[in-house]
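# Coordinate inspection notes
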Amino acid sequence: MLKKLGFILLIILLTTIVILYLEDKMRLNGDENAEEQSQVAFDMEKPYKEDEIIESDDLIKELIYLANKGKVLDSPVIAGQTEFDELQKSWGLSKDSATTTQGIYENYLASHHVTVGHKNNLIFDVRSYHPHLHNIQLNEIKNTMGTPDETRSFVDQTTNQIILVYQINTTYQLKWILNQPTVDQPNPEVHHISVVTNVIEPQQTVAALLEEMTLEEKVGQMIVAGISGTTATKNTRSLINDYHVGGIIFYASNMKNSKQTLQLLNQIKKTNEQNSLPLFLGIDQEGGRISRLPKEITKLPTNEETGKINNPSYSFNLGSILGQELNAFGFNLNFAPVLDVNSNPDNPIIGNRSYGNDPGIVSELGIQTMKGLQSQQVISVIKHFPGHGDTAVDSHLKLPIVDKSLKELNQMELIPFKQAISNGADIVMIAHILLPKLDPKFPSSMSKPIIKDVLRKQLGFNGVVITDDMTMKAITDNFDITSSSVESIKAGSDLILVAHDYAKIVSVINSIEHAVKTGELSEDRIDESVERILNLKMKYELTNEANESFSVGDINQKIEDVLKNSQ
């Protein structure tokens, strides 16, 4: 009996061992298969049913969690990791695609509620239009996530959207895209979101570029220089090749006609090919009397005329056509629009360059012109901070003095700049104005209280700061241009504009280098500005590519079409 019982126990033990062994083997195979499938079919988070009710706060937190991993709701795609050809094998051909300056965007809205942007086969942007997103509103995003790192806008003839950009981690940004808030709808719902990563090759990143740059190259990037003549002269080539200037400003004296102007810009781009960084190629093309392009290009109206019409859509179209004409020649930067409020009718310098004496109108029309330029990939420079509208003298000739307090500036002059910064301004130009109640010693272009305290801290501007021309008499009759340039950088300026005289440009460059070598300026301070400059050049994807010839008649016809639709 005992033998029989022992035999049965032995059978049970052996059976148990076999079962445990088989279960363990199946588990291991399952893990291997799961790992293999995750590499091929991607990692899928918990799916949400379209009719499932989810609290907005919980949904925002879920989206933040996913964005940390480069993902969006109910999608296996990972920005910066998923290759497009693998996705295409799984999802098939997209409904349609569009090629942009950033990359190629594929439409999978009907099947997966997403579009994906890819470049060199790597998906870098995942845009989700999931139905649940419409349950989230603007205030809920800000209440949960706080103030966005950046606020942008996208405007065309049919769309007017605000874009809230949050840097989720060092790899990913989460962008919320909503209709622009209005009086009737101050708290709009989410239209879609975007999880995006930077797909620029490692050797092209700003940090890597900074690491490789010499001090001379860094300082050069902080200079926007004027040139003489209508061809790339010896001095012009020297500024580019020997001093590595970051940009060039062009005046009417540089442009005889459209054909010559196109050739000049192409010559300069060709000269710059040996440098690793493209140039800012800038111009003052405001409209009205401040129009530098050749005379065969139809002039646009003054801002004063545009202000009387007071049509934001028309202002956007003016900015857009401005961008198109500048693109045709190869310009990538426009020193416009003017955001000065013309509060002093005796002002000798602003006058009809302003949209008017109402800061609300100046803000709205100026911002739309700025957005129109940006829609054509042209960098817009808003000017002249902190406001040139209440001056009694021309800073080209004398140093203006504005005896206003910060409280008074906040009630008038600063309003358009504050609004433009909130709407995605890239560059702010600092005027040469003395405001003794803010800084009794230095004009605004050299003033820490005005640039760092008001512009950077109070208004929250993180973009590029450029001075007005340092060869204007407001500077040269009262200060030394070289030490003024160093003081301007100390105060927070990133770009020094020296619009005339090759010798003055070189002396400014040498003085900045000397200030770093003697410790008056730290190289970290230089790096801070150069980083902003490089980020902006990358954002607008500036290149040295030559522009092809174009029809002046076609450009003028487009201008006429815009002018006909002013109302």
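In what follows, the structure referred to is the one given above.
Residues numbered from 1 in each chain as written. Predicted model: local features only at pLDDT ≥ 70, side-chain atom pairs only at ≥ 80, totals over all residues. Heavy atoms only, no water.

### Let's talk about the pattern of salt bridges
The tally for this structure, following the rule as stated, stands at 22 salt bridges. Between E413 and K404 there is a salt bridge; the shortest N-O distance is 2.7 Å. Each member of the pair, E413 together with K404, is buried. The partner of K490 in a salt bridge is E520, and the shortest N-O contact between them spans 2.9 Å. On the criterion of sequence distance, the pair formed by K490 in helix α17 (residues 481-491) and E520 in the loop between α18 (502-517) and α19 (523-539) is long-range, its members being 30 residues apart. For K490, a relative accessible area of 24% gives the class partly exposed. Here E520 falls in the partly exposed class, since its relative accessible area comes to 44%. Residues joined by salt bridges that share partners form a network here, namely D284, E286, R292, R353 and K383. (Salt bridge = Lys/Arg side-chain N within 4 Å of Asp/Glu carboxyl O. Buried < 20%, exposed > 50% of the residue type's maximum accessible area, 1.4 Å probe, protein only. Helix = DSSP H or I, 4+ residues; strand = E, 2+ residues; numbered from the N terminus.)

### Re helix α20 (residues 552-564)
Residues separated by three or four positions in an α-helix point in the same direction, a consequence of the helix having 3.6 residues per turn. If you check α20, its first and last C-alpha atoms are 18 Å apart, about what 13 residues at 1.5 Å a residue would give, namely 18 Å. Residues of α20 that are buried: I555, N556, I559 and V562. All buried residues of α20 project into a common sector of 115° when viewed along the axis, lining one side. Facing away from the buried side of α20 by over 90 degrees, the exposed positions are D554 and K564. Buried residues in α20 make contact with α11 (312-329). Two to three positions downstream of the cap, the backbone nitrogen of G553 sits 3.3 Å from a side-chain oxygen, assigning the N-cap of α20 to S551. (Expected span 1.5 Å × (residues − 1). Arc of directions from axis to C-beta. Contact = heavy atoms within 4.5 Å. Polar contact = N/O pair within 3.5 Å; in protein donor to acceptor, adjacent residues only side chain to side chain.)

### Quick word on the sheet that holds strand β16 (residues 427-430)
If you trace the 8 strands from one edge of the open sheet to the other, you get β17-β16-β15-β14-β11-β10-β9-β18, paired in parallel fashion. At either margin of the open sheet sits one strand with a lone partner, and together these are β17 (464-467) and β18 (496-498). (Pairing = 2+ DSSP bridges.)

### Points about the packing of aromatic side chains
If you walk through the whole model with that rule in mind, you get 6 aromatic pairs. Look at F250 and F331: their rings are 5.5 Å apart centre to centre, the planes differ by 80°, and that puts the pair in the edge-to-face class. Placement of the pair is F250 in strand β10 (residues 247-250) and F331 in the loop between α11 and β14 (333-334), with a sequence separation of 81 residues. Each of the two residues, F250 as well as F331, counts as buried. On the basis of an interplanar angle of 80° and a centroid distance of 4.9 Å, the ring pair of F329 and F550 is categorised as edge-to-face. Linking F329 in helix α11 with F550 in the loop between α19 and α20, this pair joins segments that are 221 residues apart in sequence. You can call F329 buried: its relative accessible area is 0%. Taking the relative accessible area as the measure of exposure, F550 reaches 25% and is therefore partly exposed. Three or more aromatic residues joined by ring pairs make a cluster, and in this case those are F250, F329, F331 and F550. (Phe/Tyr/Trp six-rings, centres within 6.5 Å; stacked < 30°, edge-to-face > 60°.)

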